[in-house]
Structures are given as C-alpha cells and as structure tokens.
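Listed below are the residues making up each chain.
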Amino acid sequence: MEPTRTGKATIVDLLDRVLDKGLILNADLVISLAGIPLIGVSLRTAIAGVETMQKYGMMKELLPVPLPSPSEPTIT
Amino acid sequence: MADKGLYLYCVALPSTTLPTQKEDLGIKGIEGRDVFVFQTPTLLAVVQECEQSYGSDDMKTVSQWILSHQAVVDLAWEKFDMVVPFSFGTVIVAKEGKSARENLLDWLEKEQGNLKSKGEKLKGKAEYGIQITWDPMKVAPRIVKTDQEIQKLEKEIASKSSGTAYLLRQKLEVLVGKRMEQAADIYFNELYQKIKRCVEDIHVEKVRKEEPPRQMLMNLSCLLPKGEMDPLGEELDKIEKMEGFFVRFTGPWPPYSFV
C-alpha cells in the first residue's frame with residue numbers, strides 16, 4: 001500500500017496537522033491569528049461534504065494534484 | 001519593517017551556506033506575499049512579513065492560508081532536508097523597541113540548542129497518517145460464531161417461549177455489544193503492535209467520526225525515514241485484506257506531530 005496526499009480524508013489529515021500540530025511558541029513576542037481556532041472547528045465540519053470543499057477551493061487545490069510538488073507549489 | 005510582524009512557517013538546519021541573511025525562497029506565501037529565509041550561523045527561519053495583528057472569520061480565506069502554509073513548509077522541507085514546522089498562525093511581533101526580525105533572531109539564538117536537537121532528530125524523516133476503520137456488522141458474525149457464551153444463549157433463545165426468548169434476545173444484544181468492545185480493544189493492541197514494529201516513532205491520535213456503519217478503530221501518526229515505508233505498506237496491505245477492515249494511509253507530511 002502506498003501513501004496518498006489526495007482525497008477528502010487527506011484534507012482532514014492535513015488540517016489536523018497544520019492547525020493542531022507543529023511547534024507552538026509560547027513567548028510574549030508571539031501572537032496567534034485572531035479567530036483561527038474557531039475557524040479550524042468550522043472547517044472540519046464543512047469538510048464533511050465534497051461540495052463544501054469545492055466551494056472553499058480545497059478540492060480544487062488538492063485533489064487534481066497527485067503529490068503537490070514543493071518545487072511547483074499549487075498556492076501562489 | 002519595524003512595525004511589521006513576521007509569520008513563522010518553520011525553522012530549518014541550513015544544507016548549504018546562504019549568500020545573504022535574507023533570501024527569497026521563491027514561493028508566495030499567505031496572501032501572496034514573498035517568503036524569506038533569515039539565517040543565523042546555525043539555524044534558519046522561513047518567514048514572511050505580515051501585519052502585527054490580523055485574522056479572518058471567512059473560511060475560504062483561512063482555507064487558502066492553510067494551503068499556503070502547507071505549500072511553504074513542503075518547499076522548505078524539500079530544500080533544507082530537515083524542518084521543524086510551526087503550528088499555523090504563529091506571528092512574531094515587534095516589541096520592547098526591537099523589530100520583529102530582531103526578536104526572531106534573538107529567539108533563534110536563545111533556543112538554538114533545543115531547535116537543533118529537534119531538527120537533528122527529524123532529519124531525513126517523514127510523517128505518515130494511518131487510520132484504520134472497521135464495519136462492526138461485518139466483523140460481528142465471526143465473533144458471534146466463535147463465542148461460546150453467545151452460542152449457548154442463542155440455543156437457549158431457540159428453545160424458549162416467545163416471552164422468555166424476547167428477554168434473552170435483549171441479553172444477547174448487550175452481550176454481543178460487550179464482545180465487540182472487547183474485540184475492538186484486542187484488534188487495537190494487535191494492529192498497533194504490528195504497525196509500531198515498522199516505524200521509528202508513533203503517536204496515537206484522537207479517533208474521528210466516520211460515516212456509519214464504519215467506525216474508526218485507530219488514528220496514528222507515524223515517523224519513519226523518507227522512502228523506507230515498504231515494510232509498513234506491506235503490513236497495511238495485510239490489514240486491508242481482513243474482512244470488514246479498511247486502511248487509510250496518508251503522507252508523506254513534514255513531521256508536524258513529532259516536534
């Protein structure tokens with residue numbers, strides 16, 4: 001079995017990592033973006049439907065690209 | 001720049017000496033801004049300029065920011081081999097008469113030992129997500145067939161009057177539910193051990209809600225050297241072949257869960 005970076009479940013996996021994981025800096029020289037934790041919850045709920053994902057552009061950005069190549073980023 | 005903040009994507013160990021202290025990474029980041037690399041003698045930080053305080057309650061906007069974050073961390077991961085990714089939305093601000101850049105460089109210098117040791121640990125490694133789900137209705141017949149207590153109760157139901165049989169059927173339902181819970185625990189331990197043997201590090205994550213009738217048995221983040229996932233893939237193939245079990249295997253991801 002080969003790992004994949006496409007599909008609905010992959011987007012949820014990506015959200016889990018980017019929103020909840022990664023190093024968290026607790027210092028007074030750091031701020032967090034306003035409203036992001038709440039948006040994170042809403043996004044996960046929204047991803048339950050493929051149509052919603054298309055609406056928010058996530059399918060378009062992630063699905064047609066088998067493995068988003070770091071040298072050719074899909075986001076500009 | 002003194003009044004600007006710096007959005008921090010990741011910290012990395014430089015693979016080559018960069019010509020300047022501020023190099024354009026060649027990718028657009030959140031809101032299409034240029035992404036730069038700031039370097040100290042031992043570490044570098046991948047950042048972009050941003051306002052000191054901003055946010056959004058628009059899901060489309062935030063979705064784009066998340067994808068941009070991931071694209072930048074992916075590129076850094078490719079370019080520098082080792083990255084310590086930061087959680088989405090980390091902004092270094094100007095404070096106490098110092099610019100955000102000065103604060104960032106001070107912080108990198110102060111934390112270099114800690115960050116370097118995290119980085120070395122993650123060098124050349126990738127993270128993979130594994131979710132195993134099952135359909136209890138497909139697994140239950142096997143368990144019912146082999147459980148002596150259930151078999152005995154079923155025989156008893158068949159030989160009793162309808163009133164008594166009704167009560168016994170309720171008892172049977174509870175018993176089957178209990179056996180399924182026990183089976184879930186046994187499968188979890190068994191599959192976890194099999195997967196653990198194929199990876200370098202493993203984290204058990206919270207299970208997610210699945211579309212019925214499927215239920216998620218386990219949600220794992222696994223760390224292993226890039227390109228060395230054949231034994232894991234083979235193990236997952238075996239699990240996928242088990243009646244009523246389904247496997248999702250995602251990645252490779254930068255090692256978000258192991259920092």
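Residues numbered from 1 in each chain as written. Chains lettered and ligands numbered in written order. Predicted model: local features only at pLDDT ≥ 70, side-chain atom pairs only at ≥ 80, totals over all residues. Heavy atoms only, no water.

1. Points about the pattern of salt bridges
The criterion, for reference: For this analysis, a salt bridge means a side-chain nitrogen from Lys or Arg found within 4 Å of a carboxyl oxygen belonging to Asp or Glu. Secondary structure elements are taken from DSSP: a helix is a run of H or I of four residues or more, a strand is a run of E of two residues or more, and numbering for both begins at the N terminus. Whether a residue is buried, partly exposed or exposed follows from its accessible area with a 1.4 Å probe, protein chains only, as a fraction of its type maximum: under 20%, in between, or over 50%, in that order.
All chains considered together, the criterion is met by 13 salt bridges over all chains. Between Arg208(B) and Asp13(A) there is a salt bridge; the shortest N-O distance is 3.2 Å. With Arg208(B) in the loop between strand E8 (201–205) and strand E9 (215–225) and Asp13(A) in helix H1 (residues 8–20), the pair connects residues from two separate chains. By relative accessible area, which is 1% here, Asp13(A) ends up buried. Several salt bridges share partner residues, and in doing so they unite Asp13(A), Asp16(A), Arg17(A), Glu127(B) and Arg208(B) into one network.

2. Some thoughts on the sheet that holds E9(B)
Residue and element names in this part refer to chain B. Counted only if it meets this: For two strands to count as paired, DSSP must find a minimum of two bridges between them. Every axis corresponds to a line fitted to the C-alpha atoms, with the helix fit spanning only the stretch in contact, and the corresponding angles, defined between N-to-C directions, vary from 0 to 180 degrees.
Spatially, four strands are ordered E8-E9-E7-E10 in an open sheet, and the strand pairing comes out antiparallel. Across the chains shown, the open sheet's two edge strands, defined by having one partner strand only, are E8 and strand E10 (245–253). Taken over all neighbouring pairs, the strand axes of this sheet differ in orientation by 20 degrees on average, direction set aside. Relative to E9, E8 is paired through five bridges, and the arrangement is antiparallel. Note on E9: the bridge partner recorded for Asp-201 is Leu-223.

3. So, the environment of Lys209(B)
Relative to the elements of secondary structure, Lys209(B) occurs in the loop between E8 and E9. Residues Lys209(B) and Gly251(B), 42 residues apart in the sequence, show an inter-C-alpha distance of 20 Å.

4. As for helix H1 (residues 59–80) of chain B
Residues and elements named next belong to chain B. Here is the rule: One fewer than the residue count of a helix, multiplied by 1.5 Å, yields its expected span.
Taking 1.5 Å per residue as the helical rise, H1 with its 22 residues ought to reach 32 Å, and the 31 Å between its terminal C-alpha atoms agrees with that figure. Within H1, 17 of the 22 residues are buried, which leaves the element mostly enclosed by the surrounding structure. Count one or two residues on from H1 and you reach Asp-81, which has phi positive near 70 degrees.

5. Digging into the domain arrangement of chain B
All names here are of chain B. Rules: Throughout, the edges of the domains are those of an automatic or database domain assignment. Whether two residues are in contact is decided by their heavy atoms, any of which lying within 4.5 Å being enough. We define buried area as the total accessible area lost by two parts upon association, computed with a 1.4 Å probe and summed across both. Polar contact criterion, stated in full: a pair of N or O atoms within 3.5 Å, where within protein one must be able to donate a hydrogen and the other to accept it, and residues adjacent in sequence count only if both atoms are side-chain atoms.
In terms of domains, chain B is made up of domain 1 (5–120) and domain 2 (125–258). Between domain 1 and domain 2, the contact holds nine residues from the first and eight residues from the second. Carbon and sulfur atoms make up 62% of the area that domain 1 and domain 2 hide from each other, which totals about 690 Å². Of all residues in domain 1, the largest losses of buried area upon contact with domain 2 belong to Gln-70, Trp-77 and Pro-85, amounting jointly to 71% of the total for that side. In this assembly, domain 1 and domain 2 are joined by zero salt bridges. On inspection of domain 1 and its partner domain 2, the count reaches one residue pair in polar contact (both at pLDDT 80 or more). Elements with a minimum of two residues in the side of domain 1 that touches domain 2: H1 and strand E5 (83–85).

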